[in-house]
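As a plain string of letters, each chain reads:
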Amino acid sequence: MTNIPTVLAFDLGAGSGRALIGEMEEIAPGGSRQLKITEIHRFPNVPVRIGEHLHWNTLGLLQEIKTGISKAFQLGYKPESCAIDTWGVDFGLIDANGELLGIPYHYRDRQTEGLVEELSAKLGAERLFAESGLQFMPFNTMYQLYAMKKANSPKLDAAETLLLTPDLLNYFLTGRKACEFTMATTTQLYDPAKRAWNKPLMQGLGLSDSLFLEPVQPGTEIGQLTEEIRAELGVPRLKVIAAVSHDTESAAAAVPASSPSFAYLVSGTWSLLGTQMQEPLLNPDVLKLDFSNEGGAGGSYHLLKNIMGLWILQECKRIWEQRGETFSYPQLVAQAEATEAFRSLIDPDDLRFMNPDSMPEEIAAYCRENGQPQPRTIGETVRCILESLALKYRMVLEQAEQLTGTVFAGLHMVGGGIQNELLCHFTAGAIGRPVWTGPVEASAIGNMLVQLQAGGYLADMQEGVELVKASFPISTYEPEQQSEWQNAYARYQQLMEVMPC
Ligand SMILES: C[C@H](O)[C@H](O)[C@@H](O)C(=O)CO
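Residues numbered from 1 in each chain as written. Predicted model: local features only at pLDDT ≥ 70, side-chain atom pairs only at ≥ 80, totals over all residues. Heavy atoms only, no water.

(A) Spotlight on helix H17 (residues 442–454). For H17, spanning 13 residues, the distance from its first C-alpha to its last is 18 Å, which sits close to the expected 18 Å at 1.5 Å a residue. Burial analysis of H17 places 11 of its 13 residues in the buried class, the great majority of the element. Turning to H17, its buried residues number three or more, namely Ala442, Ser443, Ala444, Ile445, Gly446, Asn447, Met448, Leu449, Val450, Gln451 and Leu452. (Helix = DSSP H or I, 4+ residues; strand = E, 2+ residues; numbered from the N terminus. Expected span 1.5 Å × (residues − 1). Buried < 20%, exposed > 50% of the residue type's maximum accessible area, 1.4 Å probe, protein only.)

Here it is, written out as structure tokens:
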């Protein structure tokens, strides 16, 4: 019997993490191949508040990763390698003895409030953009480090190395420190034009430039599981590979597009809407429209925008549950469907939605302050969120077209958010073009493709995309109710003029 190439992917999102096995099966001898994915472990990712700060439960996440590795072997799989992808920007600091200093901050921690404005005034927004290519988001690594600097954090003085979350977890697994390229590009301290760390900027902020390791490309072997972990788990040798470690870009690498130039939306806690480029786009229009250039697979760059995403709905659901009103997502969507269309709209990217004490009340306040009826029911609130997201997607899609001079035939949506079919319908309606959805597990699949390529089973990532197309169904949503969506978009544009993003 021939061995089926098997890999283990860990995909960690802001709300939950998953371990999935990927098996590349030959469906006819010498013929076409398919990727079969099996989820073997799922765990919540719950941030922890200590005093005034919000942190990740990094050690808990490591423990869940170890459980995922154990389960893989207990279930009889023989993965050749494993790899981890996570959200961007966050990090741990390692001291001279190789130990973690403190507990990594969560990107929604409030320590960076006001720092976008402060650093733009101090250094110039133009310079910051030209040298990072990034959207001005308060949680970018640069602002987090600057907040620590301003607070005289002793951790910064004691730190020898900064490891971004996937690199940190890889370090715990292997004892090897590395910095993966796509994560490095989310820091705002990496210069995309020079493809190098921005040491003058680090020095200007009072940060030690030796904190940052030379980036490695996805597919690089980080090392083997440490002897200690193998003994603890009772598992054989296992290679740890650098994935496209930033989950957004991992998902983008798995978009089953047929055209070389396509627009995608990675839908989850965040909505990341963009398109792949070969080189970063760093002109003043990109700065004005506040887009990001983030590193992707194969050294590519992606022009994209972070949109607040389903976080707004997740937070409402959490608050309603606290009040004893517990509904599943399908139940929430059913309530939204039964309400009046386009009653009230919000700008999902207003920073007030970043981490408010009560999301439903924040939405109601936004509507009131903008002369709109405030949502009265759960269904009305959910509808307001989903319609507003869809309209925002149209705005950002059109901006991406304007910046790249490309007209996109439709939008590929991937990630967990595509399970919300109403959002997919609304998106097709809002953009007035087809929406193609799938696969749900795009980030984990992108992670697997990198491992399969590193193992020599795929010639390149394009062959990986063909594998995705052969393996996972795509659903199509056609645009409907076009005059209603046009009117809503006109209203939405007016709202954006009042409160620009
Ligand atoms: C901080 C955000 O999570 C990040 O910028 C975004 O790109 C992401 O990684 C979403 O998972």
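(B) Region of the structure containing helix H14 (residues 359–369). Within H14, the full set of buried residues consists of Met359, Pro360, Ile363, Ala364, Ala365, Tyr366 and Cys367. Gly371, located one to two residues past H14, shows a positive phi value of around 65 degrees.

(C) View of the environment of Phe139. For Phe139, the position within the fold is in the loop between helix H3 (125–132) and helix H4 (141–150). The spatial distance from the C-alpha of Phe139 to the C-alpha of Tyr107 is 5.1 Å, given a sequence separation of 32 residues. With near-sequence residues (within four places) excluded, Phe139 lies in contact with Val89, Tyr107, Thr112, Gln144, Trp270, Asn306 and Met354. (Contact = heavy atoms within 4.5 Å.)

(D) Inspection of the layout of surface pockets at higher detail. There is about 1000 Å³ of room inside the largest pocket. Forming the boundary of the largest pocket are 42 residues, of which Ser267, Gly268, Thr269, Gln314 and Gly416 lie nearest the centre. Counting residues per element, the ones that place at least two in the lining of the largest pocket are strand E2 (16–26), helix H10 (247–252), strand E16 (263–267), helix H12 (311–322), helix H13 (329–337) and H17. Ranked by residue count, the leading element in the lining of the largest pocket is H13, at 3 residues. Taken together, the residues of the lining of the largest pocket sort by class into 16 nonpolar, 19 polar and 7 charged. Asn45, Pro47, Trp311, Glu315 and Arg318 are, among the 24 residues lining the second largest pocket, the residues nearest its centre. (1 Å grid on protein atoms, 1.4 Å probe; cavity = no way out; pocket = protein on both sides within 12 Å on 5 of 7 lines; lining within 4 Å. Points joined across faces, edges and corners; volume = space filled by probe spheres on them. Nonpolar A, V, L, I, M, F, W, Y, C, P; charged D, E, K, R; others polar.)

(E) Representation of the pattern of salt bridges. Summed over all chains, the structure comprises 28 salt bridges. Between Glu441 and Arg42 there is a salt bridge, with the nearest N and O atoms lying 3.7 Å from each other. Residue Glu441 is located in the loop between strand E21 (435–437) and H17, and its partner Arg42 is located in strand E3 (residues 33–44); the two are separated by 399 residues in the primary sequence. Of the residues examined, Arg42 reaches a relative accessible area of 46% and is grouped as partly exposed. Salt-bridge contacts for Glu113 lead to Arg110; the nearest nitrogen and oxygen are separated by 3.9 Å. Here the salt bridges do not stand alone but share partners, grouping Asp11, Arg18, Glu39, Arg42 and Glu441 into one network. (Salt bridge = Lys/Arg side-chain N within 4 Å of Asp/Glu carboxyl O.)

Distances and angles like these do not, on their own, reveal function.
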